[in-house]
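Read off the chains here:
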Amino acid sequence: MSGPTIDGDLCASRLRAMRASWTANAEPMWANATACLLGTGSNKEDDLRYLKSASMQIWLFQYELPDTLMLFTKDELHVVTGGKKATLVSSVAEKVLADANVTVVVHVKPKGEDGKTQVDEVVDLIAERGLIVGAVAKEAEEGALVTHAHARLKEKGVKIVEVAAGLADAMSVRDATEATTMKKAASLAAKAMRWCVDTIEGVVNDETKISHAKLSEQCEDVILEPSKLGMKDVEAEDVDICYPPILQSGGEYELKLSAQSSDKKLHYGVVTISLGARVMQYCANVARTLMIDPTKAMEDVYAAALAAQEAALKALVDGADLAAPHDAAKAALIAANPNGMGEQLAAKLGKTIGTAIGLELRESSMTLGPKSRGAPQKIKAGQCYNVQIALNGLANADAKEGSKSATYAILIADTAAVAKDGAAADVMTKATTKALKDIAYQINDSAEEEEEEAAAANKKQAKAARVEEGGVVMDAKTRGEEGGPTDEDARRRKQAALADKKNQETYARLVGAKNAMASGGKGGATADFVAYESMADVPVPRGADPVLAVDRDNETVLLPIHGGLVPFHIMAVKSVSVTQDGGRSFVRINFNAPTAPGAIAANSTYPANMKFPDLTFLREISYRSSDTKHANYIVQEMRALKRTVSQRETEKAERATLVRQERLVLSHGRVHRLVGLWMLPTFGGRGGRKAGTLEAHTNGLRYVGAKADEQVDIIYSNVKFAFFQPAKKEIKTLIHFHLHNPIMIGKKKTHDVQFYMEIMEAVQSLDGGRRNMYDPDEIEEEQRDREREKRIHKEFSGFCRKVQDIWEKDFPQLNLEFDSPYHDLAFDGVPFKSTVRILPTATCLVELTEFPPLVVSSSDIEVVNLERVGFHLKNFDMAIVFKDFTKDVHRIDQIPVQNLDNIKQWLGTLDIKYYEGKANLNWKPLLKQIKEDPDDWLQAGGWEFLNNEVEDDDDEDGEGGEESESDFAPSESEEESEEESESESVEESDDDDEEYDEDSEDEGMDWDELEEEAMAADEEASDGDDDRKRKKGGGGGGGKKQRR
């Protein structure tokens, strides 16, 4: 297959056209420039860009040449580029010189260099000749070569002028080749519009629900595959969209090409559609308005708008002023005067009704409006224009107040080519009809539709539990409902109905899982670690007296016992400590043993004890040393080795439990990407963190970091929940995935993966002064923040829509969709260590801003107990009991009492049984008793022992209530066992704390050692109390209480 080539004849003819425009309009459009400097930077994938420099390259060479600088004079063309691009441009040098009398000079940029040397050559040439350089100001920093060239020109004092209008004029008249391409683009746009209209007709006829964004995505896919529209003469690789198709309805309209299709459902009223197609980089645009059940007045307004566009098209003739079409459209609206609104409609027409179109979607120097009146540019034969009539904010007097049909808009646009000799313009998108009889539909009675919409809105409001001003969820809105049942009464009835159902479900689950046995040991050394294969491998003492030593290679501690070195694997060591007394050092080593304090409950599952039940275990050993330095060194080495081996074994154990996932299938062709994202959890390691890219592929997502080994794959089938949380009261916009099975990121196993981007930069003012609210810098900074937030939200929502489309199209069985939190129902609480903002969603309770995140699925919740609920307390706690009783009860503490009703409403909406209590419960022994004897638990009333209302209201059964409660209250021995178990788990997780915990419980220590350990324990307890006070905020009843 032959490589790319440039048409020399075409290049030469267009250079002649450029020189003709330059010569004829030297002063008004070219600002008396004697040279023109243009350039491009690196090509940005999936970025819809419209640049004069790129358009000029395509116009001359039929290709965009990234990282290329061009200097035009009237008889020379200097090009700074490298590689194959240099060869490509050089291939037409002879032809251009012969036909256009223009010398082409290629300054080849060597491979691996930045090209600044070659740019300097061009700049020196400009300075030597004293040229006035024309450029496009807004593209002065488009790429490293252009930026460097402009900087050098300023250094040399070269005059730079704006020539965007001259370049637009030079490229505006289409030759035969361009006219053919424009017709293909217009035909593609018209066929896509026809497809879109047919699709909407089907949606309306079938009364299906679909969002504007979904329709936009489908329309975009159709444009990118022209064969689906029957266009066999256009290749898919030559096609692109001018902008994402825009569909709007329901009273919310933004009639701009920069608008976006919202996620709201299509409203069966007035629908505006705008789309653009590109073929070989040439643009065509078309827009239509569909009216469903319009009134006579609305039809009259549309007819006037259509007449205005026809008048504008008739005024689009060779030699006319650019303001003529606007004047004609305005006069047509006033003449039509529908319902006496002629002047009003003319005022809504705006400052322009279109622009020139071609390689750029909008040519700002050639607009059809009063601003261009008397401009040197004139309408010329061969030019193409997008002629658009946009009337927004129109009122439907027959619609009900507050209805979506109360406000509507009309949008009509076509791409037209100016004909020769004053003939009428050729409307290239006329294949899509716009006559009133073809765009107006009579479907059903508007009153019925309004009633359905109102019912749907009320249903949605109830589901979302919209919050009123006082923080209380209100259903009754009218005076007629005030005398009826309250929300609290309705909730109580619903909760009473849920009680028996929940008790039976829990009982059935407990009986089914009663014989399940927990597997695996707890802590300590396993029986599979081997220090040395044989005694021959044990190192021989170097001196006559053996000393403590650490063998890192074999992960072993060598202890002198009875004159010889006895090896112990480091995993047999539980903790090690060193103390000084009287100039001596005392090294104490504690071993993992089944008889250690706090390990009694774990003896039955201790691996070494299970493998060697008849052996005696060494519990501890102490050494006294006169060499303090050596003693400290040995202790540090043992701790470091213990930490290293423990981390390795933990990672190995975590990897062993991972579920093998399917392989990621990479997409071919266009891949949806979201760039500049940060990920949590991080990969770890040292060095600065950099943002990465999230890609959507065939069966999963891939995050690629800045380094080669930073890569994470998330398979769609492993996604349990997906959340999209825009930044409202947070500093970041994020996408969060909660997984079925954990994956490894770095050296850690995680169920949650989050990708985010901060909406504002962390900036601190150092001037120390107060800034005025009218300060231009302050206003500009706020504007930048708003634009950045809007851009980030647009990128994230667009990416989520594309991924959602993949899920719906290829994985409907997964039932995946992006869930967004209800910010109206947000409340503060402490789910882990700090106070955070917790957000309910349609299916979960989440906190995603801080890590670790909180993701609690409503389907996993057994019951919820609201604790410390009382009139005298400002805060209460929420205890979430899971259906899986092997999981610990999750607590969310310090929730402001103002959010109580909101939480009740949300729980009731999801049919979750909840109880209220005045004290905190010790849940571990409670759940243990329930699991051991579910029959007695059910006979005692099931979860009703949590029902504080029964105990308070029923005086006759008050004692019985206490007995029922006491059946499931933890005994003193169980509390002590629980405390020992918790102490054991803490000892295993933190080696530093083990020294104090273990020593404080052992005997055989002298008074000085005991006093030191007691002081250390007091300090630790004091620190723990302070931490708890800070966490609880010192509120009344903030501490946890055990229920006895």
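Residues numbered from 1 in each chain as written. Predicted model: local features only at pLDDT ≥ 70, side-chain atom pairs only at ≥ 80, totals over all residues. Heavy atoms only, no water.

With an unreviewed UniProt entry as reference, the chain is termed FACT complex subunit, source organism Micromonas pusilla. The record in UniProt for the chain states the following under Subunit (unreviewed entry): "Component of the FACT complex." (UniProt positions renumbered as here; feature names shortened; annotations may be inferred.)

Peer 1: Quick question: what am I supposed to make of the overall build of the chain here?
Peer 2: Helix and strand counts for the chain stand at 26 helices and 37 strands. Here the chain holds 1044 residues, and the buried ones make up 47% of them. Of the contacts made within the chain by residues no fewer than 6 positions apart, 67% connect residues no fewer than 24 positions apart. Working note: accessible area of the chain is about 52,800 Å², and carbon and sulfur atoms make up 49% of it. (Helix = DSSP H or I, 4+ residues; strand = E, 2+ residues; numbered from the N terminus. Buried < 20%, exposed > 50% of the residue type's maximum accessible area, 1.4 Å probe, protein only. Contact = heavy atoms within 4.5 Å. Areas by Shrake-Rupley, 256 points an atom, 1.4 Å probe, with all protein chains shown as cover.)

Peer 1: When you look at the nonpolar core in this model, what are you seeing that I'm missing?
Peer 2: Most often, soluble globular proteins have nonpolar side chains that are buried together. Counting 132 residues, the largest nonpolar core has Met56, Phe72, Ile200 and Tyr385 as the members making the most contacts within it. Sort the elements by how many residues they give to this core and helix α8 (residues 176–206) lands first, with 12 residues. Three or more residues apiece are contributed to this core by two domains, here domain 1 (8–171) and domain 2 (176–441). Ignoring sequence-local partners within four residues, the contact set of Ile200 consists of Leu215, Leu247, Leu266, Val271, Ile273 and Leu290. (Core = buried A, V, L, I, M, F, W, Y, C linked by side-chain atoms within 4.5 Å. Domains from an automatic or database assignment.)

Peer 1: Hey, could you run me through the pairing of strand β9 (residues 282–292) in this one?
Peer 2: Looking along a regular strand, one sees side chains alternate from face to face of the sheet. Counting buried positions along β9 gives 11 out of 11 residues, so the element sits mostly inside the fold. Of the strand pairs in this sheet, strand β8 (residues 270–279) and β9 are connected by 10 bridges, and their pairing is antiparallel. Bridge pairing in β9 places Ser274 opposite Ala287. Across two bridges, the pairing between β9 and strand β15 (residues 440–441) is parallel. Across the sheet, the residue bridging to Met291 is Ala440, located in β15. (Pairing = 2+ DSSP bridges.)

Peer 1: Even after reading the chapter, I still don't get α8, so can you show me in this structure?
Peer 2: Each α-helix winds once per 3.6 residues, and so residues spaced three or four apart point in a common direction. In a regular helix each residue adds 1.5 Å, so 31 residues correspond to 45 Å; α8 covers 45 Å between its end C-alpha atoms and thus fits that length. Two to three positions downstream of the cap, the backbone nitrogen of Thr177 sits 3.2 Å from a side-chain oxygen, assigning the N-cap of α8 to Asp175. (Expected span 1.5 Å × (residues − 1). Polar contact = N/O pair within 3.5 Å; in protein donor to acceptor, adjacent residues only side chain to side chain.)

Peer 1: Could you clarify how one ought to interpret helix α1 (residues 8–24) in this entry?
Peer 2: Between the first and last C-alpha of α1 there are 24 Å, a value that for 17 residues agrees with the 24 Å anticipated at 1.5 Å per step. Within α1, burial applies to Gly8, Leu10, Cys11, Ala12, Arg14, Leu15, Met18, Ser21 and Trp22. Its side-chain oxygen placed 3.1 Å from the backbone nitrogen of Asp9, Asp7 serves as the N-cap of α1.

Peer 1: It is not clear to me how the sheet that holds strand β5 (residues 133–135) should be interpreted in this structure. Could you clarify?
Peer 2: Neighbouring strands of a sheet are bound in pairs by backbone hydrogen bonds; such pairs are parallel or else antiparallel. Strands sit in the order β4-β3-β2-β1-β5-β6 across an open sheet of six strands; the sheet is mixed. Taken across any chain shown, the strands that pair with only one partner, and hence form the sheet edges, are β4 (103–108) and β6 (160–162). For this sheet the average axis-to-axis angle between neighbouring strands, irrespective of direction, equals 25°. The pairing of strand β3 (residues 76–81) with β4 spans six bridges and is parallel. Bridge pairing in β4 links His78 to Val105. Strands in contact with helix α3 (residues 83–90) are β2 (68–72), β3 and β4; relative to β4, the strand with the most contacts, it is inclined by about 165°. Contacting β1 (35–40), β2, β3, β5 and β6, helix α6 (residues 144–155) runs over the sheet at an angle of about 145° to β1. (Axes fitted to C-alpha atoms, helices over the stretch in contact; angles between N-to-C directions.)

Peer 1: Is there a simple way to think about the side chain of Asn592 in this case?
Peer 2: Looking at the element boundaries, Asn592 is found in the loop between β20 (584–591) and α16 (607–611). Separated by 3.1 Å, the side chain of Asn592 and the backbone oxygen of Met571 make a polar contact.

Peer 1: Even after reading the chapter, I still don't get the packing of aromatic side chains, so can you show me in this structure?
Peer 2: In this description, an aromatic ring pair is defined by two values, namely the gap between the centres and the angle between the planes. Counted under the stated rule, the structure contains 13 aromatic pairs. Three or more aromatic residues joined by ring pairs form one cluster here, namely Phe683, Tyr703, Tyr716, Phe737, Phe755, Trp807, Phe811 and Phe818. Over the aromatic face of Tyr756 sits the side chain of Lys732, whose NZ or CZ is 4.3 Å from the ring centroid. Against the face of Phe882 rests Lys887, its NZ or CZ located 5.5 Å from the ring centre. (Phe/Tyr/Trp six-rings, centres within 6.5 Å; stacked < 30°, edge-to-face > 60°. Lys NZ or Arg CZ within 6 Å of the ring centre and 35° of its normal.)

Peer 1: For this particular structure, what's the right way to read the pattern of salt bridges?
Peer 2: It is possible for side chains of opposite charge to pair when their charged atoms get near one another. This structure, assessed with the given rule, holds 42 salt bridges. In this structure, the salt-bridge partner of Arg129 is Glu76, at a minimum N-O distance of 3.0 Å. Separated by 53 residues along the polypeptide, Arg129 in helix α5 (residues 116–129) and Glu76 in strand β3 bring together distant segments of the chain. Since its relative accessible area comes to 43%, Arg129 is described here as partly exposed. The class of Glu76 is buried, set by a relative accessible area of 17%. Of the charged contacts, one joins Asp124 and Lys156 as a salt bridge, the two residues approaching to 3.5 Å between their closest N and O atoms. In this pair, Asp124 is assigned in helix α5 and Lys156 in the loop between α6 and β6, connecting sequence segments 32 residues apart. Classification of Lys156 by relative accessible area gives partly exposed; the value is 38%. Here the residues in one salt-bridge network are Glu867, Arg868, Asp877, Arg891 and Asp893, joined through shared partners. (Salt bridge = Lys/Arg side-chain N within 4 Å of Asp/Glu carboxyl O.)

Peer 1: Honestly, the environment of Arg152 in this entry has me stumped. Any pointers?
Peer 2: When you line up the elements, Arg152 lands in helix α6. As for Arg152 and Val123, which are separated by 29 residues in sequence, their C-alpha atoms are 7.0 Å apart. For Arg152, the residues in contact, after removing those within four places along its chain, are Asp120, Val123 and Asp124.

Peer 1: Before we go on, may I ask you to explain the pairing of β8 in this structure?
Peer 2: β8 sits mainly inside the fold: 10 of its 10 residues count as buried. Side chains Val270, Thr272, Ser274, Gly276 and Arg278 of β8 all project onto a buried face; the interleaved residues Val271, Ile273, Leu275, Ala277 and Val279 project onto the opposite face, where all are buried too. By the bridge criterion, seven bridges tie strand β7 (residues 239–248) to β8 in an arrangement that is antiparallel. Of the residues in β8, the one forming a bridge with Gln248 is Thr272.

Peer 1: Explain the environment of Leu229 here, please?
Peer 2: For Leu229, the location among the structural elements is in the loop between α9 (212–224) and β7. Given a relative accessible area of 14%, Leu229 falls into the buried group.

Peer 1: When you look at unusual backbone geometry in this model, what are you seeing that I'm missing?
Peer 2: Residues other than glycine predominantly adopt negative phi, and peptide bonds predominantly adopt the trans conformation. A cis amide bond links Leu680 with the next residue in sequence, Pro681, at an omega value of -5°. Looking at where Pro681 falls in the secondary structure, it is placed in the loop between β22 (672–680) and β23 (692–696). A cis geometry characterises the amide bond from Phe851 onward to Pro852, with omega recorded as 5°. Considering the arrangement of structural elements, one finds Pro852 in the loop between β32 (844–847) and β33 (854–857).

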